[in-house]
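What the coordinates show
Spelled out, the chains give:
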Amino acid sequence: MRDDGTLDDPYAPSSPTTDTEDGTSTERTTAASRLRAYARDLTGRRRAQLVLAAGVVCCLGLATVAAIRNEDADAATRGGSLSSSELAQRAEQQRASRSLDRTAVPSASIVTPSAAASPADPDTTASARTVAPARPTDPAPVAGLDEDQMENAEAIVRTGREMGVPRRGLVIAVATAMQESNLYNVASGVLPESQDYPHQGVGWDHDSVGLFQQRSSSGWGPVGRLMDPEFATRQFLSALEQVPGWQRMRLTDAAQAVQVSAYPEHYQQHEWRATRVVDAIVPAGR
């Protein structure tokens, strides 16, 4: 019995409790504590996983940066041995290889079948096999000749070379022209027609014209053609080659066999000068 006059219930519990369908408050407290502990443990694990994942990503990033730096260093080392123009060309090629808008190859660097020589082309192979004779030089006048005389001598030598005439024939032809016209392309005062063509003087020996004083009336050819130094030379050398043994004859005899002059010995006096002129135009060994 207490002093407050209340009656003690002998069947009452020693401490008040509140019962619910979920059990006592003590049990609820214990369950809540366990849940909070589990949550803390789960949160800790998640944080650890996040930290680990972040560490892996960081390591991968560092490895990538290191690889890029090494690649750049290698490229710089390789580029150090290249010239600036080669580096620029390589950079341009790299840009072109990455671009869809490629730069066209210059047409000058493309070799087409039509531009290439074909082995079956007879003209191409023939020109490759044929060696053109050395072109006569244009030397200064020698042996007392002037410019006009030297040019006429060069025309004789050039024509003879084109015909394949030996050097001896060239000397005979030049010496003959020295005697006949003094190496001038002479027209005829008897044949006014001859003066219509380029000439370097006028002669009066019948209808004889040109370097070799050939007569159209004797069958040497048309007047206009005989006034052409090349044609006149061809006429003379063609007749010379018809003379049997001309290469073994004295110069004056070979010339006389073609010209049938009234002064057959006069050609011989010009041999040394003609030889010197031919040697100046076509040096020995050519």
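So, how was this worked out
- Residues numbered from 1 in each chain as written.
- Predicted model: local features only at pLDDT ≥ 70, side-chain atom pairs only at ≥ 80, totals over all residues.
- Heavy atoms only, no water.
- Axes fitted to C-alpha atoms, helices over the stretch in contact; angles between N-to-C directions.
- Helix = DSSP H or I, 4+ residues; strand = E, 2+ residues; numbered from the N terminus.
- Parallel < 35°, antiparallel > 145°, perpendicular 65-115°, else oblique.
- Left-handed = near helix turned anticlockwise from the far one by under 90°.
- Contact = heavy atoms within 4.5 Å.
- Nonpolar A, V, L, I, M, F, W, Y, C, P; charged D, E, K, R; others polar.
- Salt bridge = Lys/Arg side-chain N within 4 Å of Asp/Glu carboxyl O.
- Buried < 20%, exposed > 50% of the residue type's maximum accessible area, 1.4 Å probe, protein only.
- Expected span 1.5 Å × (residues − 1).
- Polar contact = N/O pair within 3.5 Å; in protein donor to acceptor, adjacent residues only side chain to side chain.
- Patch = residues over 30% accessible without salt bridge, like charges linked within 9 Å, V, L, I, M, F, W, Y side chains within 5 Å.
- Areas by Shrake-Rupley, 256 points an atom, 1.4 Å probe, with all protein chains shown as cover.
- 1 Å grid on protein atoms, 1.4 Å probe; cavity = no way out; pocket = protein on both sides within 12 Å on 5 of 7 lines; lining within 4 Å.
- Points joined across faces, edges and corners; volume = space filled by probe spheres on them.
- pLDDT = per-residue confidence, 0-100.

Observations regarding the packing of helix H5 (residues 167–181) against helix H9 (residues 271–281)
The geometry of H5 relative to H9 is characterised by a closest axis approach of 8 Å and an angle of 120 degrees between their N-to-C directions. As the angle between them shows, H5 and H9 are arranged oblique. Of the two elements, H5 crosses H9, and the hand of that crossing is right-handed. Along the contact surface, H5 presents Arg167, Arg168, Leu170, Val171, Val174, Ala175 and Met178, while H9 presents Glu271, Arg273, Ala274, Thr275, Val277, Val278 and Asp279. Considering only residue class, the contact of H5 with H9 consists of eight nonpolar, one polar and five charged.

Brief notes about the pattern of salt bridges
In this structure the tally under the stated criterion is seven salt bridges. Measuring nitrogen to oxygen at the nearest pair gives 2.5 Å for the salt bridge that ties Arg215 to Asp207. Taking relative accessible area as the criterion, Arg215 reaches 30% and is therefore assigned partly exposed. Of the charged contacts, one joins Asp253 and Arg250 as a salt bridge, the two residues approaching to 3.1 Å between their closest N and O atoms. Owing to a relative accessible area of 35%, Asp253 belongs among the partly exposed residues under this scheme. It is possible to trace a salt-bridge network through shared partners that takes in Glu162, Glu230 and Arg234.

Re the side chain of Thr252
Within the fold, Thr252 resides in helix H8 (residues 251–259). Judged by relative accessible area, which is 0%, Thr252 ranks as buried. Discounting chain neighbours no more than four positions away, the residues touching Thr252 are Pro264, Glu265, His266, Tyr267 and Gln268.

Some remarks on helix H4 (residues 147–163)
A rise of 1.5 Å per residue sets the reference length of H4, with its 17 residues, at 24 Å; its end C-alpha atoms lie 24 Å apart and thus fit the reference within 8%. Within H4, the full set of buried residues consists of Gln149, Met150, Asn152, Ala153, Glu154, Ala155, Ile156, Val157, Thr159, Gly160 and Arg161. Backbone geometry just after H4 places Gly164 at a positive phi near 80 degrees.

So, the environment of Gln214
Secondary-structure assignment places Gln214 in strand E4 (residues 214–215). A relative accessible area of 1% places Gln214 in the buried class. Along the backbone, Gln214 and Glu180 are 34 residues apart, and their C-alpha atoms lie at a distance of 9.3 Å. If near-sequence neighbours (up to four positions away) are discounted, Gln214 is found in contact with Asp207, Ser208, Val209, Trp220, Leu226, Ala232, Gln235 and Phe236. A polar side-chain atom of Gln214 sits 3.3 Å from the main-chain carbonyl oxygen of Ala232.

Structural notes on a nonpolar patch on the surface
Where nonpolar side chains cluster on the molecular surface, the patch consists of Val190, Val202 and Trp204 and spans about 340 Å² of accessible area. In this structure, Val202 sits in strand E2 (residues 202–203).

Some remarks on the layout of surface pockets
As a volume, the largest pocket reaches approximately 240 Å³. Looking at the largest pocket, it is lined by 15 residues, and the ones nearest its centre are Glu180, Ser208, Gln213, Gln259 and Val260. Every element with two or more residues in the lining of the largest pocket is listed here: E4 and H8. In terms of residue class, the lining of the largest pocket is made up of six nonpolar, six polar and three charged.

So, unusual backbone geometry
The phi angle at Asn182 is positive, at roughly 60 degrees, despite the residue not being glycine. In this structure, Asn182 sits in the loop between H5 and strand E1 (187–188). The phi dihedral of Leu183 falls on the positive side, at around 60 degrees, and the residue is not glycine. In this fold, Leu183 is placed in the loop between H5 and E1. Taking the relative accessible area as the measure of exposure, Leu183 reaches 0% and is therefore buried.

What to know about the confidence of the model for the chain
In the predicted model, the chain carries a mean pLDDT of 73, and the fraction of residues at 70 or more is 51%. Confidence drops under pLDDT 50 across residues 64–68; counting only partners more than four residues distant or on other chains, this segment forms zero contacts. Overall, residues 93–131 carries pLDDT values under 50, and its contacts beyond four positions in sequence, including any with other chains, amount to six contacts.

Looking at the packing of helix H7 (residues 229–240) against H8
Two elements in contact, H7 and H8, have axes separated by 9 Å at closest approach and are oriented at 110 degrees. Taken together, the axes of H7 and H8 lie roughly perpendicular to each other. Contacts between H7 and H8 involve Phe236, Ala239 and Leu240 from the first element and Ala254, Val258 and Gln259 from the second. Its residues assigned to classes, the contact of H7 with H8 comprises five nonpolar, one polar and no charged.

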